[in-house]
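So the chains spell out like this:
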Amino acid sequence: MPIPHGILWLDLIDPDEDERECARKVTNLRIPLRHDIDSLALSSRIRTDDDAMYLSVPYFADCEGHHAPAPLGIVVTAKVLLTVRFAPSKAFDLAASNSDEHPWTSSADALATLLESIVNLAAGRMEAVAVDLRKLSERVFTRTRLGTAALRNCMLDVGHLEGQQTRNRSSLLGIQRIVSFVRSKSPEWMSDDVEVRLRVVDHDLRTLDEFDDQLTNKLQFLLDASLGFINTDQNHVMKVLTVASVATIPPIILAGVWGMNFKHMPELDWYWSYPLALAAIAISTILPVLFFKWRGWLSGD
């Protein structure tokens, strides 16, 4: 069964056996199975078979939210682009919509459009992470003292952003290897215009890789800062407890002295001995606290 006229891209979404067989008959290609695409071996992910290039990304996450990464398989020949995916993808929707405004002239043209859409949307997601990082940084570095619960929430947000960035990083790493492989092979049926577009995509991927390093360092910095503030608060609590324990030593000594059971204690015969003892205990507690405050030991700064 020949490829229908005008068909340059076949997109299979979690295909069943019947769909796979139909695609095989139409394209005369071996349709990769999911476990083939999941393979981490580089030889399995990127290879050539006759005139076809078999490309795959084991961890491809292209949608916002909590979609787990799913494998992506790409088979491209001089006549057709075949993709096999197992999750929704905004990049695929964007690439398909772009064909209405700029009709493709070849399968290589369709591949370049798809890779451009993936990279553009990934850049947008990384920019969104950068915006969230700036907001999170303003929450952490504030003059208002944050409690442990608020700092814990900040750490949870750091972990959430790190998860998003990890998904982006995994996807872009696979795409970068695909672009490098296709450019190195440079088949005869790939036009010079497509080669230029892939060169631009490769440059964009390298730029995003540097941007990813900046975001990763910023995430680590915010995580360390949150932990540092929590440790500072804990140290302040321990300092207050230490000062309080030291301030209670004098009244304990006085109470211990006047609680002795000696027969001759002159203070027992005083008329004002009880209120004087209470006043002495109170003063012995207040004086150390005032001294610590004067020295600044009670301050949380």
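Heads up: the structure comes first, above all this text.
1. Comments concerning the packing of aromatic side chains
No. 1: Applying the stated rule across the entire model yields 5 aromatic pairs.
No. 2: Each ring, one from tryptophan 9 and one from tryptophan 104, has its centre 5.6 Å from the other, and the planes form 55 degrees; the classification is tilted. One end of the pair, tryptophan 9, is in strand 1 (residues 9–13); the other, tryptophan 104, is in the loop between helix 4 (90–101) and helix 5 (107–140), with 95 residues separating them in the sequence.
No. 3: The exposure class assigned to tryptophan 104 is buried, which follows from its relative accessible area of 18%.
No. 4: Taking 6.4 Å as the distance between ring centres and 75 degrees as the angle between the ring planes, the aromatic pair formed by phenylalanine 60 and phenylalanine 92 counts as edge-to-face. With phenylalanine 60 in strand 3 (residues 52–60) and phenylalanine 92 in helix 4, the pair connects residues that are 32 residues apart, well separated along the chain.
No. 5: For phenylalanine 92, a relative accessible area of 1% gives the class buried.
No. 6: An aromatic cluster of at least three residues, connected via ring pairs, comprises Trp9, Phe60, Phe92 and Trp104.
No. 7: Positioned over the ring face of tyrosine 54 is arginine 30, at 5.4 Å from the centre of the ring.
No. 8: When the ring centre of phenylalanine 86 is taken as reference, the NZ or CZ atom of arginine 34 above it lies at 4.7 Å.

2. Brief notes about helix 6 (residues 148–185)
No. 1: The terminal C-alpha atoms of helix 6 lie 55 Å apart, and with 38 residues this matches the ideal 56 Å at 1.5 Å per residue to within 8%.
No. 2: At the C-terminal side of helix 6, serine 186 shows a positive phi close to 40 degrees.

3. So, unusual backbone geometry
No. 1: Despite not being glycine, aspartate 14 has its phi angle at roughly 45 degrees, a positive value.
No. 2: Inspection of the secondary structure assignment puts aspartate 14 in the loop between strand 1 and helix 1 (17–27).
No. 3: One non-glycine residue, asparagine 28, adopts positive backbone phi at about 60 degrees.
No. 4: Among the structural elements, asparagine 28 can be located in the loop between helix 1 and helix 2 (34–38).
No. 5: Judged by its relative accessible area of 67%, asparagine 28 falls in the exposed class.

Each value, and the rule that gives it
- Residues numbered from 1 in each chain as written.
- Predicted model: local features only at pLDDT ≥ 70, side-chain atom pairs only at ≥ 80, totals over all residues.
- Heavy atoms only, no water.
- Phe/Tyr/Trp six-rings, centres within 6.5 Å; stacked < 30°, edge-to-face > 60°.
- Helix = DSSP H or I, 4+ residues; strand = E, 2+ residues; numbered from the N terminus.
- Buried < 20%, exposed > 50% of the residue type's maximum accessible area, 1.4 Å probe, protein only.
- Lys NZ or Arg CZ within 6 Å of the ring centre and 35° of its normal.
- Expected span 1.5 Å × (residues − 1).

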